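Summary of structural features
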Amino acid sequence: MIGSLFVTGPAGTGKSTLCGALKEWFIKQEYDVAVVNLDPGSEFVPYEPDVDVREIISLPDVMSEFNLGPNGAQIVASDLMLENVDKMQEYLSEFNDYYVIFDTPGQIELFAFRQGSPMLVDKLSGGRAMLAFVTDAVLSTSPSGLVSQMMLYGSVFSRFYKPMLYIVNKTDLIGEDDLDEIKTWFNDSEELRNALFEERQEMLKDYLSGVITALQDSGMFSEIIPVSSRDFTGLEDIYSKMSLFFEGGADTDTLYRDD
Ligand SMILES: Nc1nc2c(ncn2[C@@H]2O[C@H](COP(=O)(O)OP(=O)(O)O)[C@@H](O)[C@H]2O)c(=O)[nH]1
Ligand SMILES: [Mg+2]
(Lines give C-alpha, C1' and ligand atoms only; values in the text may rest on other atoms or scores of the structure.)
(Ligands and ions follow the chains in the order given, each with its own letter.)
Protein backbone atom coordinates (compact mmCIF):
# COMPACT_ATOMS: atom_id res chain seq x y z
CA MET A 1 0.00 0.00 0.00
CA ILE A 2 1.03 3.60 -0.50
CA GLY A 3 -0.05 4.34 3.04
CA SER A 4 -2.88 3.74 5.44
CA LEU A 5 -5.16 5.74 7.68
CA PHE A 6 -6.59 4.13 10.81
CA VAL A 7 -9.74 6.05 11.66
CA THR A 8 -10.29 6.09 15.40
CA GLY A 9 -12.23 8.15 17.92
CA PRO A 10 -15.10 7.88 20.42
CA ALA A 11 -18.27 5.98 19.50
CA GLY A 12 -20.69 7.91 17.33
CA THR A 13 -18.28 10.63 16.20
CA GLY A 14 -18.72 9.43 12.61
CA LYS A 15 -15.72 7.18 11.94
CA SER A 16 -17.57 4.79 9.65
CA THR A 17 -19.39 7.61 7.86
CA LEU A 18 -16.04 9.35 7.32
CA CYS A 19 -14.51 6.15 5.92
CA GLY A 20 -17.39 5.90 3.45
CA ALA A 21 -17.10 9.57 2.49
CA LEU A 22 -13.33 9.25 2.00
CA LYS A 23 -13.81 6.19 -0.19
CA GLU A 24 -16.23 8.06 -2.42
CA TRP A 25 -14.02 11.13 -2.54
CA PHE A 26 -10.87 9.16 -3.44
CA ILE A 27 -12.72 7.31 -6.18
CA LYS A 28 -14.06 10.58 -7.60
CA GLN A 29 -10.48 11.89 -7.81
CA GLU A 30 -9.48 8.60 -9.48
CA TYR A 31 -7.08 7.72 -6.65
CA ASP A 32 -6.83 4.04 -5.80
CA VAL A 33 -8.38 3.40 -2.41
CA ALA A 34 -9.54 0.44 -0.36
CA VAL A 35 -11.58 0.57 2.83
CA VAL A 36 -11.25 -2.11 5.47
CA ASN A 37 -13.86 -2.76 8.13
CA LEU A 38 -11.96 -3.69 11.30
CA ASP A 39 -15.06 -3.87 13.50
CA PRO A 40 -16.15 -7.49 13.97
CA GLY A 41 -19.17 -6.24 15.93
CA SER A 42 -20.58 -3.83 13.36
CA GLU A 43 -24.07 -4.68 12.21
CA PHE A 44 -24.11 -2.10 9.47
CA VAL A 45 -21.33 -0.21 7.68
CA PRO A 46 -22.25 2.77 5.49
CA TYR A 47 -19.91 1.76 2.61
CA GLU A 48 -18.89 -1.28 0.64
CA PRO A 49 -15.84 -2.69 2.47
CA ASP A 50 -13.04 -3.97 0.22
CA VAL A 51 -11.84 -6.14 3.07
CA ASP A 52 -14.12 -7.06 5.95
CA VAL A 53 -12.94 -8.59 9.22
CA ARG A 54 -16.43 -10.01 9.67
CA GLU A 55 -15.60 -12.54 6.94
CA ILE A 56 -12.82 -13.85 9.18
CA ILE A 57 -14.25 -13.35 12.66
CA SER A 58 -17.94 -13.80 13.33
CA LEU A 59 -19.34 -12.31 16.51
CA PRO A 60 -22.12 -14.92 16.87
CA ASP A 61 -19.49 -17.69 16.55
CA VAL A 62 -17.32 -16.06 19.22
CA MET A 63 -20.36 -15.72 21.49
CA SER A 64 -21.24 -19.39 21.25
CA GLU A 65 -17.68 -20.73 21.21
CA PHE A 66 -16.58 -18.77 24.30
CA ASN A 67 -20.00 -18.70 25.95
CA LEU A 68 -20.07 -14.89 26.05
CA GLY A 69 -22.59 -12.09 25.71
CA PRO A 70 -22.18 -9.46 22.98
CA ASN A 71 -19.91 -7.17 25.04
CA GLY A 72 -17.48 -9.86 26.11
CA ALA A 73 -17.50 -11.32 22.60
CA GLN A 74 -16.51 -7.96 21.12
CA ILE A 75 -13.44 -7.87 23.36
CA VAL A 76 -12.43 -11.41 22.42
CA ALA A 77 -13.16 -10.69 18.73
CA SER A 78 -10.88 -7.64 18.85
CA ASP A 79 -8.11 -9.73 20.35
CA LEU A 80 -8.65 -12.44 17.72
CA MET A 81 -7.80 -9.95 14.98
CA LEU A 82 -4.11 -10.15 15.78
CA GLU A 83 -4.25 -13.94 15.74
CA ASN A 84 -5.84 -13.79 12.29
CA VAL A 85 -3.61 -11.08 10.91
CA ASP A 86 -2.11 -13.40 8.25
CA LYS A 87 -5.50 -13.78 6.60
CA MET A 88 -6.07 -10.04 6.68
CA GLN A 89 -2.63 -9.47 5.15
CA GLU A 90 -3.48 -11.92 2.39
CA TYR A 91 -6.65 -9.99 1.52
CA LEU A 92 -4.70 -6.72 1.65
CA SER A 93 -1.95 -7.94 -0.65
CA GLU A 94 -4.01 -7.07 -3.71
CA PHE A 95 -3.96 -3.38 -2.76
CA ASN A 96 -0.26 -2.70 -3.27
CA ASP A 97 -0.51 0.71 -4.91
CA TYR A 98 -3.54 1.83 -2.96
CA TYR A 99 -4.31 4.10 -0.08
CA VAL A 100 -5.96 1.90 2.53
CA ILE A 101 -8.42 3.29 5.08
CA PHE A 102 -9.19 1.24 8.17
CA ASP A 103 -12.47 1.73 10.02
CA THR A 104 -11.83 0.75 13.64
CA PRO A 105 -14.38 -0.59 16.16
CA GLY A 106 -17.13 1.79 17.23
CA GLN A 107 -16.11 1.63 20.88
CA ILE A 108 -12.68 3.23 21.05
CA GLU A 109 -11.42 1.05 23.89
CA LEU A 110 -11.79 -2.08 21.73
CA PHE A 111 -9.13 -0.68 19.45
CA ALA A 112 -7.04 1.81 21.38
CA PHE A 113 -6.88 0.02 24.71
CA ARG A 114 -6.29 -3.60 23.71
CA GLN A 115 -2.77 -4.88 24.20
CA GLY A 116 -2.24 -6.11 20.65
CA SER A 117 -3.54 -3.12 18.69
CA PRO A 118 -0.25 -1.28 18.04
CA MET A 119 1.19 -4.50 16.64
CA LEU A 120 -1.96 -5.04 14.59
CA VAL A 121 -1.53 -1.57 13.07
CA ASP A 122 2.11 -2.27 12.21
CA LYS A 123 1.35 -5.65 10.68
CA LEU A 124 -1.63 -4.50 8.64
CA SER A 125 0.07 -1.35 7.37
CA GLY A 126 3.58 -2.70 6.89
CA GLY A 127 4.74 0.25 9.02
CA ARG A 128 3.06 2.80 6.75
CA ALA A 129 0.35 4.08 9.06
CA MET A 130 -1.21 7.32 10.17
CA LEU A 131 -4.13 7.70 12.52
CA ALA A 132 -7.13 9.97 12.23
CA PHE A 133 -8.70 10.87 15.56
CA VAL A 134 -12.30 11.85 14.92
CA THR A 135 -13.97 14.21 17.38
CA ASP A 136 -17.45 15.69 17.56
CA ALA A 137 -18.01 19.30 16.50
CA VAL A 138 -21.00 19.90 18.77
CA LEU A 139 -19.16 18.60 21.86
CA SER A 140 -16.19 20.77 20.91
CA THR A 141 -18.23 23.97 21.21
CA SER A 142 -17.81 23.81 25.01
CA PRO A 143 -14.29 24.28 26.38
CA SER A 144 -14.62 21.23 28.63
CA GLY A 145 -15.81 19.14 25.67
CA LEU A 146 -12.84 20.23 23.60
CA VAL A 147 -10.32 19.62 26.39
CA SER A 148 -11.69 16.18 27.19
CA GLN A 149 -11.42 15.14 23.54
CA MET A 150 -7.88 16.54 23.34
CA MET A 151 -6.99 14.48 26.42
CA LEU A 152 -8.38 11.35 24.77
CA TYR A 153 -6.38 12.13 21.65
CA GLY A 154 -3.30 12.29 23.88
CA SER A 155 -4.21 8.96 25.38
CA VAL A 156 -4.58 7.31 21.95
CA PHE A 157 -1.37 8.94 20.76
CA SER A 158 0.45 7.44 23.75
CA ARG A 159 -0.70 4.00 22.65
CA PHE A 160 0.32 4.15 18.99
CA TYR A 161 2.99 6.84 18.69
CA LYS A 162 2.12 7.45 15.05
CA PRO A 163 1.35 10.65 13.18
CA MET A 164 -2.21 11.58 14.06
CA LEU A 165 -4.71 13.96 12.49
CA TYR A 166 -7.09 15.82 14.81
CA ILE A 167 -10.39 15.81 12.97
CA VAL A 168 -13.47 17.73 14.03
CA ASN A 169 -16.34 15.99 12.25
CA LYS A 170 -20.00 17.02 11.86
CA THR A 171 -19.08 20.67 11.30
CA ASP A 172 -22.34 20.94 9.31
CA LEU A 173 -24.09 20.94 12.71
CA ILE A 174 -22.33 24.07 14.04
CA GLY A 175 -21.99 27.65 12.81
CA GLU A 176 -18.90 29.26 11.36
CA ASP A 177 -18.46 31.37 14.51
CA ASP A 178 -18.48 28.22 16.61
CA LEU A 179 -15.82 26.65 14.41
CA ASP A 180 -13.69 29.79 14.62
CA GLU A 181 -13.97 29.68 18.40
CA ILE A 182 -12.92 26.03 18.50
CA LYS A 183 -9.89 26.85 16.33
CA THR A 184 -8.96 29.77 18.62
CA TRP A 185 -9.16 27.60 21.74
CA PHE A 186 -7.22 24.81 20.05
CA ASN A 187 -4.39 27.11 19.03
CA ASP A 188 -4.24 29.50 21.96
CA SER A 189 -3.95 27.89 25.38
CA GLU A 190 -4.56 31.19 27.20
CA GLU A 191 -7.91 31.64 25.42
CA LEU A 192 -8.80 28.04 26.19
CA ARG A 193 -7.83 28.42 29.83
CA ASN A 194 -9.97 31.55 30.21
CA ALA A 195 -12.96 29.99 28.47
CA LEU A 196 -12.69 26.88 30.61
CA PHE A 197 -12.52 28.83 33.86
CA GLU A 198 -15.56 30.82 32.79
CA GLU A 199 -17.46 27.60 32.06
CA ARG A 200 -16.36 25.85 35.23
CA GLN A 201 -16.33 28.88 37.57
CA GLU A 202 -12.71 28.20 38.39
CA MET A 203 -13.58 24.78 39.73
CA LEU A 204 -10.52 22.50 39.73
CA LYS A 205 -8.46 25.44 38.59
CA ASP A 206 -5.03 23.90 39.19
CA TYR A 207 -5.99 20.63 37.57
CA LEU A 208 -7.43 22.19 34.43
CA SER A 209 -4.63 24.67 34.13
CA GLY A 210 -2.08 21.87 34.45
CA VAL A 211 -3.86 19.76 31.84
CA ILE A 212 -3.88 22.61 29.33
CA THR A 213 -0.20 23.32 29.93
CA ALA A 214 0.62 19.63 29.47
CA LEU A 215 -1.39 19.43 26.24
CA GLN A 216 0.20 22.58 24.92
CA ASP A 217 3.75 21.55 25.81
CA SER A 218 3.36 18.03 24.47
CA GLY A 219 3.95 18.93 20.83
CA MET A 220 1.30 16.33 19.92
CA PHE A 221 -1.09 18.71 18.24
CA SER A 222 -0.60 20.49 14.98
CA GLU A 223 -3.89 21.75 13.63
CA ILE A 224 -7.57 21.00 13.52
CA ILE A 225 -8.98 19.51 10.35
CA PRO A 226 -12.67 20.49 10.20
CA VAL A 227 -14.72 17.95 8.29
CA SER A 228 -18.28 17.13 7.45
CA SER A 229 -18.65 13.55 6.35
CA ARG A 230 -22.19 14.44 5.39
CA ASP A 231 -21.29 17.39 3.14
CA PHE A 232 -17.90 16.02 2.07
CA THR A 233 -16.08 19.15 3.28
CA GLY A 234 -12.49 18.87 4.52
CA LEU A 235 -11.83 15.49 2.91
CA GLU A 236 -9.26 16.98 0.57
CA ASP A 237 -7.31 18.24 3.60
CA ILE A 238 -7.12 14.70 4.96
CA TYR A 239 -5.85 13.46 1.61
CA SER A 240 -3.25 16.27 1.45
CA LYS A 241 -1.84 15.29 4.84
CA MET A 242 -1.67 11.65 3.80
CA SER A 243 -0.07 12.30 0.46
CA LEU A 244 2.45 14.70 1.96
CA PHE A 245 3.33 12.21 4.61
CA PHE A 246 3.48 9.01 2.57
CA GLU A 247 4.72 10.38 -0.70
CA GLY A 248 6.72 13.30 0.62
CA GLY A 249 9.45 11.10 2.00
CA ALA A 250 8.73 11.28 5.75
CA ASP A 251 9.34 8.19 7.83
CA THR A 252 6.49 7.19 10.16
CA ASP A 253 8.77 5.56 12.69
CA THR A 254 11.00 8.54 13.26
CA LEU A 255 8.53 11.41 13.03
CA TYR A 256 8.31 12.06 16.74
CA ARG A 257 11.80 11.00 17.74
CA ASP A 258 14.28 13.50 19.06
CA ASP A 259 17.35 11.37 18.29
N1 LIG B 1 -24.68 15.77 10.72
C2 LIG B 1 -23.70 14.86 10.58
N3 LIG B 1 -23.89 13.59 11.03
C4 LIG B 1 -22.89 12.71 10.86
C5 LIG B 1 -21.66 13.06 10.23
N6 LIG B 1 -20.86 11.96 10.23
C7 LIG B 1 -21.57 10.97 10.83
N8 LIG B 1 -22.79 11.40 11.20
C9 LIG B 1 -23.85 10.63 11.88
O10 LIG B 1 -23.38 10.24 13.18
C11 LIG B 1 -23.89 8.95 13.52
C12 LIG B 1 -22.76 8.01 13.91
O13 LIG B 1 -21.94 7.81 12.78
P14 LIG B 1 -21.01 6.53 12.62
O15 LIG B 1 -20.23 6.75 11.35
O16 LIG B 1 -21.77 5.28 12.73
O17 LIG B 1 -20.06 6.70 13.90
P18 LIG B 1 -18.90 5.73 14.47
O19 LIG B 1 -19.48 5.02 15.65
O20 LIG B 1 -17.82 6.66 14.92
O21 LIG B 1 -18.47 4.85 13.36
C22 LIG B 1 -24.68 8.48 12.30
O23 LIG B 1 -26.04 8.73 12.54
C24 LIG B 1 -24.16 9.33 11.17
O25 LIG B 1 -25.10 9.53 10.13
C26 LIG B 1 -21.49 14.42 9.76
O27 LIG B 1 -20.46 14.83 9.23
N28 LIG B 1 -22.55 15.26 9.97
MG1 LIG C 1 -18.41 2.73 13.17
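Just so it is clear, the model here is predicted, and its values are computed rather than measured. Numbering of residues starts from 1 in every chain and runs along the sequence as written. Key to labels: chains lettered from A, ligands numbered from 1, both in the order written. Reporting of local features is limited, given that this is a predicted model, to residues whose pLDDT is at least 70; pairs of side-chain atoms are given and counted only at 80 or more, and all residues count toward the totals for whole chains, interfaces and linings. Side-chain calculation: all heavy atoms of the structure are included, whereas hydrogens and water are not.

A word on the site of ligand 1. Neighbouring residues of ligand 1: 15 residues in total, closest Gly 12, Lys 15, Thr 17, Asp 172 and Ser 229. Within the backbone of Lys 15, one N or O atom sits 2.8 Å away from an oxygen atom of ligand 1. Within the contact set of ligand 1, an oxygen atom lies 2.6 Å away from a side-chain nitrogen or oxygen of Thr 17. A total of 590 Å² of accessible area belongs to ligand 1 in isolation, and the protein chains cover 74% of it. Helix and strand definitions here come from DSSP, where helices need a minimum of 4 consecutive H or I residues and strands a minimum of 2 consecutive E residues; each element is numbered from the N-terminal end. Among the elements that make up the shell around ligand 1, the one with the highest residue count is helix α1 (residues 15–28) (three residues). Here the residues of the shell around ligand 1 are counted per class, giving three nonpolar, eight polar and four charged. Here a residue is considered near a molecule or strand provided that any single heavy atom belonging to it is located within 4 Å of it. Whenever a nitrogen or oxygen atom comes within 3.5 Å of another N or O atom, the pair is scored as a polar contact, on the condition that within protein one atom can donate a hydrogen and the other can accept it, and that pairs from neighbouring residues in sequence are kept only if both atoms are in side chains. In these tables, accessible area is a Shrake-Rupley quantity obtained with a 1.4 Å probe, and a residue counts as shielded only by the protein chains included in the view. Amino acid classes used here: Ala, Val, Leu, Ile, Met, Phe, Trp, Tyr, Cys and Pro are nonpolar; Asp, Glu, Lys and Arg are charged; the rest, including Gly, are polar.

A separate point is helix α7 (residues 143–160). Expected span of a helix: the number of residues minus one, times 1.5 Å. Given a rise of 1.5 Å per residue, 18 residues ought to cover 26 Å, and the 26 Å separating the end C-alpha atoms of α7 matches this to within 8%. Along α7, the residues classified as buried are Pro 143, Ser 144, Gly 145, Leu 146, Val 147, Gln 149, Met 150, Tyr 153, Gly 154, Val 156, Phe 157 and Phe 160. One or two positions beyond α7, positive phi appears at Tyr 161, with a value near 55°. Here's how the labels work: a residue is buried when its accessible area is under 20% of the maximum for its type, exposed when over 50%, partly exposed in between, all with a 1.4 Å probe on protein chains only.

For the rest of this paragraph, the subject is a nonpolar patch on the surface. Among the surface-exposed residues, Met 151, Leu 204 and Tyr 207 lie close enough to one another that they form a single nonpolar patch of about 300 Å² accessible area. Positionally, Tyr 207 belongs in helix α10 (residues 205–217). Patch members must show over 30% relative accessible area and no salt bridge, and they are joined within 9 Å when carrying like charges or within 5 Å when they are nonpolar side chains of Val, Leu, Ile, Met, Phe, Trp or Tyr. In what follows, salt bridge is the name for a side-chain nitrogen of Lys or Arg lying within 4 Å of a carboxyl oxygen of Asp or Glu.

We now examine the packing of aromatic side chains. Stacked, tilted and edge-to-face are the three classes applied to pairs of Phe, Tyr and Trp rings, where Trp contributes its six-membered ring and a pair requires centres within 6.5 Å; stacked means planes under 30 degrees apart, edge-to-face means over 60, and tilted covers the rest. Counted by the stated rule, this structure contains 21 aromatic pairs. Ring geometry for Phe 6 against Phe 111: centres 6.4 Å apart, planes inclined by 10°, an arrangement best described as stacked. In this pair, Phe 6 is assigned in strand β1 (residues 3–8) and Phe 111 in helix α5 (residues 109–112), connecting sequence segments 105 residues apart. As far as burial versus exposure is concerned, Phe 6 and Phe 111 are alike and both buried. Pairing Phe 26 with Tyr 99 gives two aromatic rings, centres 5.6 Å apart and planes at 65°, and the pair type is edge-to-face. With a gap of 73 residues between them, Phe 26 in helix α1 and Tyr 99 in strand β4 (residues 99–103) connect regions that are remote in the sequence. Residue Phe 26 is classed as buried on the basis of its relative accessible area of 0%.

Time to look at the side chain of Asp 39. Counting through the fold element by element, Asp 39 comes out in the loop between β2 (33–37) and β3 (51–52). When charges are counted, Lys and Arg are positive and Asp and Glu negative, with His and the chain ends excluded. No salt bridge forms around the buried Asp 39; measuring N to O, its nearest opposite-charge neighbour Lys 15 is 7.6 Å away. A polar contact of 2.9 Å, which involves the side chain of Asp 39, links it to the backbone nitrogen of Gly 41. The contact partners of Asp 39, leaving out residues within four places of it in the chain, are Val 53, Arg 54, Asp 103, Thr 104, Pro 105 and Gly 106. Contact between two residues is taken to exist if any of their heavy atoms lie within 4.5 Å; hydrogens are not considered.

Take the sheet that holds strand β6 (residues 164–169) next. Should DSSP find at least two bridges between two strands, the strands are taken to pair. One open sheet holds the seven strands; their spatial order is β3-β2-β4-β1-β5-β6-β7, and the pairing between them is parallel. On the outer flanks of this sheet lie β3 and β7 (224–226), each paired with one strand and no other. One ladder, built from five bridges, connects β1 with strand β5 (residues 129–136); its direction is parallel. Looking at β5, one finds that Ser 4 is bridged to Ala 129. Of the strands in this sheet, β1, β4 and β5 are in contact with helix α6 (residues 117–125), which crosses β1 at around 145°. Helix axes are fitted only over the stretch in contact, all axes being lines through C-alpha atoms; the angle between N-to-C directions runs from 0 to 180 degrees.

All right, on to the environment of Lys 162 then. Along the chain, the position of Lys 162 falls in the loop between α7 and β6. Its relative accessible area of 6% is what places Lys 162 among the buried residues. C-alpha of Lys 162 to C-alpha of Ser 16: the two residues are 146 residues apart in sequence and 21 Å apart in space.

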